[in-house]
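Report on the structure
Chain residues, written in single-letter form:
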Amino acid sequence: MKHRSLFAVGGVALAAMLAVVGAQAQTIEKMKQFKVATTDLNLPTVAQEGRNAAAIRKNLEKVKLPPGFKIELFAVVPDARHMAVGPSTNMLFVGTRKTTVWAVTDRNSDGVADEVKSFAPGLNFKVPNGVCWTKDGFLIVVEHNRVLNFPAAEFFYEGPDVAVIEVVPQGQLVPTEHESFNHGARTCRVSDDGKLHITLGQPFNVQPKEKIAEFEKLGIGGMIKLNPFDGSGREVVARGVRNSVGMDINPKDKTVWFTDNQTDGMGDDIPPGELNRITKTGGEHFGYPYIHGNNTQIAGTGAAPDLKGLQPPAQWTKPQVELPAHQAQLGMSFYNAKQFPAKYQGGVFIAAHGSWNRTKPSGGLVQFVPLKADGTAGALETFAEGFLDAETGSYRGRPVDVAVWKDGSLLVSDDYAGAIYRITYGN
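Rules of the game
- Residues numbered from 1 in each chain as written.
- Predicted model: local features only at pLDDT ≥ 70, side-chain atom pairs only at ≥ 80, totals over all residues.
- Heavy atoms only, no water.
- Helix = DSSP H or I, 4+ residues; strand = E, 2+ residues; numbered from the N terminus.
- Rg over C-alpha atoms; globule rule 2.2 N^0.38 Å.
- Buried < 20%, exposed > 50% of the residue type's maximum accessible area, 1.4 Å probe, protein only.
- Contact = heavy atoms within 4.5 Å.
- Areas by Shrake-Rupley, 256 points an atom, 1.4 Å probe, with all protein chains shown as cover.
- Pairing = 2+ DSSP bridges.
- Axes fitted to C-alpha atoms, helices over the stretch in contact; angles between N-to-C directions.
- Core = buried A, V, L, I, M, F, W, Y, C linked by side-chain atoms within 4.5 Å.
- Phe/Tyr/Trp six-rings, centres within 6.5 Å; stacked < 30°, edge-to-face > 60°.

1. Quick notes on the overall build of the chain
A tally of regular secondary structure across the chain gives 4 helices and 27 strands. Taking 427 residues into account, the globule formula puts the C-alpha radius of gyration at 22 Å, and the chain, at 22 Å, falls close to it. Principal-axis analysis of the C-alpha atoms places the extent of the chain at approximately 60 × 55 × 50 Å. Split into buried and exposed, the 427 residues of the chain put 56% on the buried side. When contacts within the chain are restricted to residue pairs at least 6 apart in sequence, those whose partners lie at least 24 apart make up 59%. In the structure as shown, the chain presents an accessible area of about 18,400 Å², 53% of it carried by carbon and sulfur atoms.

2. Quick look at the sheet that holds strand β5 (residues 115–118)
Pairing is antiparallel across the open sheet formed by 4 strands, whose spatial order is β2-β3-β4-β5. This sheet does not close on itself; its edge strands, each paired only once, are β2 (83–85) and β5. Averaged over all pairs of adjacent strands, the angle between their axes in this sheet comes to 20 degrees, without regard to strand direction. Here 4 bridges tie strand β4 (residues 102–105) to β5, and the two strands are oriented antiparallel to one another. The residue bridging V104 from the neighbouring strand is V116, located in β5.

3. Quick word on the pairing of strand β13 (residues 235–239)
In this sheet, β13 lies alongside strand β12 (residues 222–226) in antiparallel orientation, the contact comprising 3 bridges. Opposite M223, over in β13, you have A238 as the bridge partner. Taken together, the 2 bridges between β13 and strand β17 (residues 284–285) define a ladder with parallel strand orientation. The residue bridging R239 from the neighbouring strand is H285, located in β17.

4. As for the nonpolar core
Counting residues in each nonpolar core, the largest one holds 43 residues, and the members touching the most others are L92, V104, F349 and F383. Here this core gets 6 residues from one element, more than from any other, and that element is strand β1 (residues 69–76). The contact partners of V104, leaving out residues within four places of it in the chain, are F74, A75, V77, N90, M91, L92, V94, A113, E115 and V116. A103, L123, V131 and F150 belong to the second largest nonpolar core, which has 19 residues in total.

5. A word on the sheet that holds strand β26 (residues 410–414)
Strand order in this open sheet of 4 strands is β1-β27-β26-β25, and the pairing throughout is antiparallel. The open sheet has two edge strands with one neighbour each: β1 and β25 (399–404). Here the strands of the sheet are splayed against their neighbours by 25 degrees on average, with no regard to which way each runs. Running at roughly 160 degrees to β1, helix α2 (residues 51–60) makes contact with β1 and β27 (419–425) of the sheet.

6. Details of unusual backbone geometry
The omega torsion of the bond from I270 to P271 falls at -5 degrees, within 30 degrees of zero and hence cis. Position of P271 relative to the elements: it lies in the loop between β15 (256–260) and β16 (273–278). A cis amide bond, omega 10 degrees, links Y288 with the succeeding residue P289. With respect to the helices and strands, P289 occurs in the loop between β17 and β18 (291–292). Look at N124: it is not a glycine, yet its phi comes out positive at around 55 degrees. One non-glycine residue, H183, lies in the positive phi region at around 60 degrees. Tracing the backbone shows H183 in the loop between β9 (165–168) and β10 (188–190).

7. Here's the deal with the packing of aromatic side chains
How two aromatic rings sit relative to each other is set out by the distance from centre to centre and by the angle between their planes. As enumerated under the stated definition, the model contains 24 aromatic pairs in all. A ring pair is formed by F93 and F119, whose centres lie 5.1 Å apart and whose planes are at 80 degrees; its orientation type is edge-to-face. With F93 in strand β3 (residues 91–94) and F119 in the loop between β5 and β6 (130–133), the pair connects residues that are 26 residues apart, well separated along the chain. Classification of F93 by relative accessible area gives buried; the value is 0%.

In short, geometric facts, not functional conclusions.
Listed below in structure tokens is the structure:
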């Protein structure tokens, strides 16, 4: 009798799960056809004042910046990850590693968000980390294993029902057997030729030898590009990458740049992270899993003993900059505005999320890399620090992404504090 009860409970749970899946499928089908899918038009908003906001502001007093700069709280946004600044309004769409995409609005243009609420809540997002725009104003949301495209998202966001295009259906961005909780946060950008670029981190610390060829063919542990409206024309544009969680396109020469996180378990100070630049076509290779940085061996070490004797391809691309080990540099953005001094214009800001695989924590920074006249990178420097308490080794915040706001200020997302900050220069 006891066993029957267990089976009965299991049957009820399975039936409930299938009902949810069915409802979700009906929801997206209705929204693809511009039909009403939900009835409650009132979306709850996130409180922007109170004890939590006050505590975040207090912590920001400890952040150090170059002279002339200041940092303030822009918005309280739970689990805030990658950001996409709206092209037509004072809006910001923010991805998470959970189930929500946030719509953040500065309605009165005073540099502080007035409203934060969920975007398209009926769609049951799964790790909707990657958000970006097409050149003509369609919002792309890249989940762990699905890609959606939202026409006029800035103007349809007020209610739960929004127009949607299913670019890559659930389970078709990567084979489902390669879905993993590890390295599943995607990032995206749309290039001037209209192609959607997506980073696909590989799900291991170091992938097994038998997975290397398959992953390189699929673009897992690299970057792909495809049509942002129907998913056609998929190509691999970067191979030999461990886990990129940040990219941007240089507006001057149109080259794609990306960060790459390094192998864990090799020591406090090795291997280096990477800031990379794609300059060739046809699936440029960046050395992984054989080598990190300019010449740090991975194959055959304690982190990858089964790769002993394997060598990187004859042609592989070294990074533009070797980044300090285990700082987890994630989002990056070219600074293409004028508010900041000339030194920063045209350069790259990077969010260093912070280490976990280190005896003494490191990171919790915003960093800067200037670009030389020939389009290559200069030396890395620290721009904002103080999110990591040096005395206690505890994080007060963990920067994830950086984005240039409409007035030329810099937005910084923080998934630990659940906030977005705004850095300004001068008055």
